[in-house]
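Read off the chains here:
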Amino acid sequence: MALTLNMTVNGKARKVTVESNALLSDVLRVNLGLTGTHVGCDTSQCGACTVHVDGVSVKSCTMLAAQADGATITTIEGLAAPDGTLHPMQAAFKEHHGLQCGFCTPGMVMSAVDLARCEPNASEEQIREWLEGNICRCTGYHNIVKAVKTGLTDMQSGGKVAAE
Amino acid sequence: MKLTPPARSAVHHPHAHDSALKHATGAARYIDDMAEPRGCLHTALVTSRWAHARLTGIDASRALELPGVHAVVTAADIPGENDVGAIVPGEPLLAEGVVEYVGHPVAAVAARDLETARRAAALVEVTAEPLTPVLDLREAVEKAHYVLPPSEFLRGKPGPALADAPHRIRGEIMVGGQDHFYLETQAALALPQEDQDMLVHSGTQHPTEVQHLVARLLGVDMNAVTVEVRRMGGAFGGKESQATIIAGIAAVLARVTGRPVKCRLDRDTDMMVTGKRHDFLLTWDVGVDDDGRVQAVEMTLAARCGWSVDLSPGVVSRALSHADNAYFYPHVKLTGLFCKTNTQSNTAFRGFGGPQGMMAAEAMMDQIARTLNLDPLEVRRRNFYGPEGRNLTPYHQPVEHFRLPEMLDEVLASSDYAARRKAVDAFNAKGGVLRKGLAVSPVKFGVSFNKPEMNQAGALLHVYTDGSVSLNHGGTEMGQGLFTKVAQVVAAVFGLDLDRIRPTATTTGKVPNTSPTAASSGTDLNGMAARIAAETIRDRMADVAAEHLGAEKSAVVFERNMVRAGNKSVPFGELAELCHVARVSLSSTGFYRTPKIHFDRTTNRGRPFFYFAHGLAVSEVAIDTLTGEWKPLRTDILHDVGASLNPAVDKGQIEGGFVQGLGWLTMEELVWDKDGVLKTHAPSTYKIPTARDVPRDLRVDLLADAPNEEATVFRSKAVGEPPFMLAISVWLALRDAVASCGPAGHVPKLDAPATPERILMAVQAAKDTA
Ligand code: FES
Ligand code: FES
């Protein structure tokens, strides 16, 4: 059965008509062309598909798009300012080499930004615990943890100017 | 007047990954992110339910009735030859006559969307008569069930020397396999072109091989197939030969339907279908003196190759050539067994057999030390390669420029080893439930492909008339930073800022006949080829500059985006324009082949490696003797990357490699059931290290002031694989902790991966001995 859904995605009102079993990750990637949200495991394990639904991080590969009807969604593409100024968390990942192949990066960044909401002064241990649902096969996490620490601090200080 | 800002040095500088901004903003495109062309079809595979069976029928009629299904192909539909064997022929893309493992692709469906393709695949009826499979590695060893005959490295007379040795010690360990778990699963997009041409976007480390085998599958010449790859979301060896399966299926379906076809495996299918790291059964018989110095050794390294040969000859050869690790064996015989089992066909994985070979050496050193009640660290040091007379490897290459003895002193001091050793022993002497372990392990890794002919590379470089540079080479980017490093090399040659160099997608249409990006050699080979191309163009530009500036050519320097001679200068871009006006070519290829190397595969002698990369790790762990759970407490690493082209990228490789190795040796466990079904085919059951599983205290240092003695690109050393094996220190530290539960002289029985379950059993065995 086809459904028509309304959602606000990265600040824009979007209307999509999809099958009732469509996954949020597919709607974002295929219908809306927001391919920065990656799918690494299809089963809610790896975190590559993490987006924010009404401000809370969600693994979009295991959420039905229908469940997001009426919701406000932010994906990695919606994080930087319209003029291209990076969000402090994005800037920190770049700065601290918290990425290699980059496939996990969007999910890591989205997850880390949500940590700032829950625990703005998270300790290293809390950061590591929070990131347990995000797998990175390349970096060994060392630089990711460093980046998240910096990102959290910079978010509090209103963001470092990191225009590219 | 505008002053030129000082250019940051192009090489030996921690530049960010060339795609860092795109990665952080989600703008980097992987194959599944590319805009789908009109009419693009999607793929699902039909795979074997049997570990071994004779196929009696494939009925696709119900699948074909489903609306939206465009084709179901089986072996019979392949236009050319049904063979994707990487080294030896005889490995069909789609099973023919027999299936040889659970997951073996039998047919493939193309449909208008993924869901329809999956539904159709489930409707394809495959019938077969089951045959008896061989599933267990030990069983294959006992039955001498091989895909290839054994291979042997021999030096001296190990038999008599063993018999004469004061102590003779025999041992064995099982070392498990490993799934690559590249975060981006395997993917390809095949686009039929005019005539019979096919363009394939393939997530592959080896575009040339995909081109070659797609041409063979389609029955066309190689010039009718172009393979392109901009980046992969991780590969680690898993996209070397295995990528051909996915690209091949997409290309065959594209040919049959005349439409673009995308094939992206979901995670479970990827893990069920594709090959992994070889698990090994390692056994040794070693003769030592009272000080633990090896007199002679015989080892057997039995590899699980799975159902087919794939890249196993190279993997076993590298295992044999690293079973010495850093140690001199005066008399030695190493035997490699290519065991055939009805499981996935094992393949390249970071280290390519080297890690498994080194595990034999390190487990043996540990056993020697514990059996003779000697300090494992001392035993290692005593057995290190030395000056002439103690410097010949089992493959008869002398070890030159051996850096480990000095590096060992350095890391022992920087990690405060001696004091911590005492502290750990004192802690364990209290006899508590928690025990600690501390261990040091070295890595000596040979750099170059074991097969000399693979050590060549090409590059293609264009300078445009605005002074911007387009760079292409045969190497592929999988996250390791190759594109960044090679661009740095080119920027250094031209004296340009790095952002003037644009790395472009690897394609067989620009640089042909390439080797895979593997064996850690990506930068060594492609960096050199690009450097040669850049120097060719620079030389031509220098002629024009000399004339323009009225100076001797020898006085012309390229720096800070300018070209100078004496006190006159011209911006690089302007000079490019002048060259164009003067009808001087601004485009060049570059070609490099590694010097000095040779290897005779019939005698297994020669100089397969241009040089060695070295590393050392000191790891401390704590175990809970009641549950087997453990924690990595601290790891200190000192690693030799020569004169690093990019310290940030290199450190990233070391940290990531170490953690991947730690996963292999302690938590990643592949389990097949009695019918040969892989039960660990998703991260829910296959445990990948997370941010919580790694040492909080990880100190990584690059060996300082250590340019490569060999003339590599800017005197750097390869870094992709060697750090992986630093994780052996963690496994040894776990053994150390277990050993403290037994009496002196107790040798822990601990296979890899050392899961909590295995640690607990080893603790129990140690206590029972006491
Ligand atoms: S793709 Fe959603 S968690 Fe892995
Ligand atoms: S950077 Fe490759 S998975 Fe994280």
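In this text the structure is predicted, and so the values were computed from the model without any measurement.

**Quick notes on the environment of Ser44 of chain A**
Residue and element names in this part refer to chain A.
Here comes step 1: Along the chain, the position of Ser44 falls in the loop between helix 1 (24-31) and strand 3 (50-53).
Here comes step 2: For Ser44, a relative accessible area of 31% puts it in the partly exposed group.
Here comes step 3: For the pair Ser44 and Cys138, spaced 94 residues apart in the sequence, the C-alpha separation amounts to 19 Å.
Here comes step 4: Residues within four places of Ser44 in sequence aside, it is in contact with Lys59, Cys61 and Thr62.
Here comes step 5: Within the local environment of Ser44, its side chain forms a polar contact with the side chain of Thr62, the two groups lying 3.0 Å apart.

**Remarks on the nonpolar core**
Here comes step 1: With 150 residues, the main nonpolar core has Val148 of chain A together with Met299, Tyr329, Met359, Met364, Ile368 and Trp731 of chain B as its most contacted residues.
Here comes step 2: Examining the composition of this core, we find that nine residues originate from one element, helix 10 (residues 354-371) of chain B, more than from any other.
Here comes step 3: Beyond its immediate chain neighbours, meaning those up to four positions away, Met359 of chain B contacts Ile173, Val175, Leu282, Trp664, Leu665, Ile728, Trp731 and Ala752 of chain B.
Here comes step 4: Grouped together as the second largest cluster of nonpolar side chains are 53 residues, Ala10, Val463, Ala530 and Ala546 of chain B included.

**Side note on unusual backbone geometry**
Residues and elements named next belong to chain B.
Here comes step 1: The amide bond that connects Ala752 to the next residue, Pro753, takes the cis arrangement and shows omega of 0 degrees.
Here comes step 2: With phi around 55 degrees, Asn373 is a residue other than glycine that occupies positive phi space.
Here comes step 3: Along the polypeptide, Asn373 turns up in the loop between helix 10 and helix 11 (376-383).
Here comes step 4: Look at Ala519: it is not a glycine, yet its phi comes out positive at around 55 degrees.
Here comes step 5: When you line up the elements, Ala519 lands in the loop between strand 20 (506-507) and helix 15 (522-549).

**Digging into the interface of chain A and chain B**
By a widespread convention, an interface's size corresponds to the accessible area lost as its parts come together.
Here comes step 1: Between chain A and chain B, the contact holds 42 residues from the first and 52 residues from the second.
Here comes step 2: Roughly 3,900 Å² is buried in total at the junction of chain A and chain B, and carbon and sulfur atoms are behind 56% of that figure.
Here comes step 3: Note that Asp33 of chain B and Arg29 of chain A form a salt bridge whose closest N and O atoms lie 2.9 Å from each other.
Here comes step 4: Contributions of two or more residues to the side of chain A that touches chain B are made by helix 2 (88-95), helix 3 (105-118), helix 4 (124-130) and helix 5 (142-156) of chain A.
Here comes step 5: Sorting elements by how many residues they give to the side of chain A that touches chain B places helix 4 of chain A first, with four residues.
Here comes step 6: A class-by-class count of the residues in the side of chain A that touches chain B yields 15 nonpolar, 16 polar and eleven charged.

**Quick notes on the side chain of Lys485 of chain B**
Here comes step 1: Following the sequence through the fold, Lys485 of chain B ends up in helix 14 (residues 482-494).
Here comes step 2: Since its relative accessible area comes to 5%, Lys485 of chain B is described here as buried.

**Concerning the confidence of the model for chain B**
All names here are of chain B.
Here comes step 1: A residue-level look at chain B finds 99% of positions with pLDDT of 70 or above and a mean pLDDT of 97.
Here comes step 2: Counted against residues more than four places away or in other chains, residues 1-7, with its pLDDT under 50, gives five contacts.
Here comes step 3: In the predicted assembly, ipTM is 0.96 and pTM is 0.97.

**Quick notes on the pattern of salt bridges**
Charged atoms that come close allow side chains of opposite charge to pair.
Here comes step 1: The tally for this structure, following the rule as stated, stands at 57 salt bridges over all chains.
Here comes step 2: Residue Arg692 of chain B is joined to Glu132 of chain A by a salt bridge in which the shortest nitrogen-to-oxygen separation is 3.3 Å. Of this pair, Arg692 of chain B sits in the loop between helix 17 (647-666) and strand 29 (697-702) while Glu132 of chain A sits in the loop between helix 4 and helix 5, which puts the two residues in different chains.
Here comes step 3: Taking relative accessible area as the criterion, Glu132 of chain A reaches 32% and is therefore assigned partly exposed.
Here comes step 4: One salt bridge connects Asp736 of chain B with Arg370 of chain B, and the closest N-O pair in it is separated by 3.1 Å. A residue pair is termed long-range when its members are at least 10 positions apart, and Asp736 of chain B in helix 18 (residues 728-739) and Arg370 of chain B in helix 10 qualify at 366 residues. Arg370 of chain B matches Asp736 of chain B in its accessibility class, with the two residues each being buried.

**Quick word on the sheet that holds strand 17 (residues 456-463) of chain B**
Residues and elements named next belong to chain B.
Here comes step 1: Pairing in this open sheet of four strands is mixed, and the strands run 19-18-17-24 from one edge to the other. If you trace the sheet from one side to the other, it starts and ends with strand 19 (501-503) and strand 24 (587-593), each paired once. Across the sheet, the mean angle separating the axes of adjacent strands is 20 degrees when strand polarity is ignored.
Here comes step 2: Alignment of strand 17 against strand 18 (residues 469-473), held across five bridges, turns out to be antiparallel. Paired with Leu460 across the strands is Asn472, a residue of strand 18.
Here comes step 3: Strands strand 17, strand 18 and strand 19 of the sheet are contacted by helix 14, whose axis makes an angle of about 130 degrees with strand 18.
Here comes step 4: Each of strand 17, strand 18 and strand 24 is contacted by helix 15, which is oriented at about 140 degrees to strand 24, the strand it contacts most.

Criteria and thresholds
- Residues numbered from 1 in each chain as written.
- Chains lettered and ligands numbered in written order.
- Predicted model: local features only at pLDDT ≥ 70, side-chain atom pairs only at ≥ 80, totals over all residues.
- Heavy atoms only, no water.
- Helix = DSSP H or I, 4+ residues; strand = E, 2+ residues; numbered from the N terminus.
- Buried < 20%, exposed > 50% of the residue type's maximum accessible area, 1.4 Å probe, protein only.
- Contact = heavy atoms within 4.5 Å.
- Polar contact = N/O pair within 3.5 Å; in protein donor to acceptor, adjacent residues only side chain to side chain.
- Core = buried A, V, L, I, M, F, W, Y, C linked by side-chain atoms within 4.5 Å.
- Buried area = accessible area lost by both parts, 1.4 Å probe.
- Salt bridge = Lys/Arg side-chain N within 4 Å of Asp/Glu carboxyl O.
- Nonpolar A, V, L, I, M, F, W, Y, C, P; charged D, E, K, R; others polar.
- pLDDT = per-residue confidence, 0-100.
- Pairing = 2+ DSSP bridges.
- Axes fitted to C-alpha atoms, helices over the stretch in contact; angles between N-to-C directions.

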